[in-house]
Amino acid sequence: MEILKTLAVALSLGTLAGLNLYLTVFVTGLAVRMDWVALPAPLQGLEALAHPVVLAVAGVLFLIEFLADKIPWIDTAWDAVHTFIRPVGAAALAVAAIGDAHPVFEIVGVLLAGGMAFSAHSAKAGTRVIANASPEPFSNIGLSLGEDILVLGGLALVAWNPLLALFCSVISVATALWFLPKIVRGVRANLWLAWMKLQSPPDSEKPSAPLARLPERWDTLLRRMSASKSAIEWTLPCISRRGDKLTANLSGWIVSLADQPAEVYFIGRTWRGGVLAALDIQGATIEFHDGFLASRIEIRHRDGQPKQGFSFDASLSKSAQEVASRLIDDSRLASRSPGLAPRLT
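Residues numbered from 1 in each chain as written. Predicted model: local features only at pLDDT ≥ 70, side-chain atom pairs only at ≥ 80, totals over all residues. Heavy atoms only, no water.

1. A short note on the overall build of the protein chain
Of regular secondary structure, the protein chain possesses nine helices and seven strands. Expected size for 345 residues packed as a compact globule is a radius of gyration near 20 Å; at 26 Å, the protein chain overshoots this value by more than 25%. Its C-alpha atoms give the protein chain principal-axis dimensions of about 85 × 40 × 35 Å. By residue count, 45% of the 345 residues in the protein chain fall in the buried class. (Helix = DSSP H or I, 4+ residues; strand = E, 2+ residues; numbered from the N terminus. Rg over C-alpha atoms; globule rule 2.2 N^0.38 Å. Buried < 20%, exposed > 50% of the residue type's maximum accessible area, 1.4 Å probe, protein only.)

2. Regarding the packing of helix 5 (residues 103-131) against helix 7 (residues 162-199)
When two helices pack together, you describe them by how their axes are tilted relative to each other and by the distance separating the axes. Contact pair helix 5 / helix 7: the axes reach a minimum separation of 8 Å and the direction vectors enclose 40°. Between helix 5 and helix 7, the angle falls in the class oblique. Classified by chirality, the crossing of helix 7 by helix 5 is left-handed. On helix 7, the residues that touch Met 116, Ser 119, Ser 122, Ala 123, Gly 126, Thr 127, Val 129 and Ile 130 of helix 5 are Ser 169, Val 170, Val 173, Ala 176, Leu 177, Leu 180, Ile 183, Gly 186, Val 187, Asn 190 and Leu 191. (Axes fitted to C-alpha atoms, helices over the stretch in contact; angles between N-to-C directions. Parallel < 35°, antiparallel > 145°, perpendicular 65-115°, else oblique. Left-handed = near helix turned anticlockwise from the far one by under 90°. Contact = heavy atoms within 4.5 Å.)

3. Section: the pairing of strand 2 (residues 251-257)
With six of its seven residues buried, strand 2 lies for the most part within the structure. Both strand 1 (residues 232-240) and strand 2 contribute to a ladder of seven bridges, which runs antiparallel. Bridge pairing in strand 2 links Leu 236 to Ile 254. Pairing of strand 2 with strand 3 (residues 263-270) involves four bridges; the strand directions are antiparallel. (Pairing = 2+ DSSP bridges.)

4. Digging into the packing of aromatic side chains
Inspection of every chain in the model, using the stated rule, returns two aromatic pairs. The aromatic ring of Phe 66 is capped on one face by Lys 70, whose charged end is 3.6 Å from the ring centroid. (Phe/Tyr/Trp six-rings, centres within 6.5 Å; stacked < 30°, edge-to-face > 60°. Lys NZ or Arg CZ within 6 Å of the ring centre and 35° of its normal.)

5. Quick look at the confidence of the model for the protein chain
Any region with low pLDDT has predicted coordinates that should not be read closely. Of the residues in the protein chain, 94% reach a pLDDT of 70 or more, and the chain-wide mean stands at 86. Averaged pLDDT values over the elements of the protein chain bottom out at 84 in helix 9 (residues 317-336) and peak at 95 in helix 2 (residues 52-68). Residue range residues 340-345 is modelled with pLDDT below 50. Its contacts to residues more than four positions away, or to other chains, number 15 contacts. (pLDDT = per-residue confidence, 0-100.)

6. Brief notes about the environment of Leu 19
Assignment of secondary structure puts Leu 19 in helix 1 (residues 2-33). Linking Leu 19 and Ser 122, residues 103 residues apart in sequence, is a C-alpha distance of 9.0 Å.

7. Section: the packing of helix 2 against helix 3 (residues 74-81)
As a packed pair, helix 2 and helix 3 sit with axes 9 Å apart at the nearest point and diverge in direction by 135°. With respect to helix 3, the element helix 2 is oriented oblique. On helix 3, the residues touching Leu 61, Ile 64, Glu 65 and Ala 68 of helix 2 are Ile 74, Asp 75 and Trp 78. Among the residues making up the contact of helix 2 with helix 3, the classes are represented as five nonpolar, no polar and two charged. (Nonpolar A, V, L, I, M, F, W, Y, C, P; charged D, E, K, R; others polar.)

8. What to know about the pairing of strand 3
Where strand 2 hands over to strand 3, the hairpin turn is made up of five residues, counted between the paired strands. Taken together, strand 3 and the strand that follows it, strand 4 (residues 273-280), pair antiparallel across an intervening segment of two residues.

Below you can see the structure in the form of structure tokens.
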């Protein structure tokens, strides 16, 4: 049982270090130095965290992280630097916690602690990139304070019941791994939008009209999946937002076909293959929003179903606004003429 408790402490500290290494080290060392906790014999290695030099370094670094972690995009840069620091720090904590155990047990503990720290760090860093899509700093501040509170609560749980803390850590890491594909898609989409924002030309040089044709590979995919040979009325590259038809952060194109005036298509691709979604815009409410990283179009179905949205990079803001105007016109026209014949180009 003592071996299991030692491993529980090592892995729990490792998971918390993946969220905030310096706070974990500082509070653990302070608790030992102030005799808030009594370390059993197997955990005597953690006494090194109570050394004044360790406390001073961890405290200063935590103060720096406390400030950096609440500034949009600075927090992402800080997380990028700590991609390897946090797992390595978690492994060092595991070594200190396990002490003079059997080498096999020590190696397994170090590997597990580093892996759990990396999972927690990845979830934290990915969530921050997604939150940075909004220009306001309050979401970053809220997330950062929430993570600090979570670390403090986790350390208290480790001191009170290491096995329960280990159970919570395993559940948290499993949840992070479950959502990791979605987080990766969100990170990729937001980093791409941020890059395009930096590369965006002046407003006077931005295109003001959507495209009239798809790149060949996308056109081939559209024809194969829709079985339509109709001419393309207009099209524009976009990223899907979460809605009733599509999951979030799928890269693709929004397309209007000449013979389908009451529908708009999204054609995209995932690792599992192509994705085609047809959205009925007859009587739908179309909204255009010009955001910080990207402009977006939201389509709310007339039946009150959840809205479906699309994001467009900053260089296409004028074209996206033109697309929204065309969608509004098509929606009104289709509503007045439910049996509308195919439009001619």
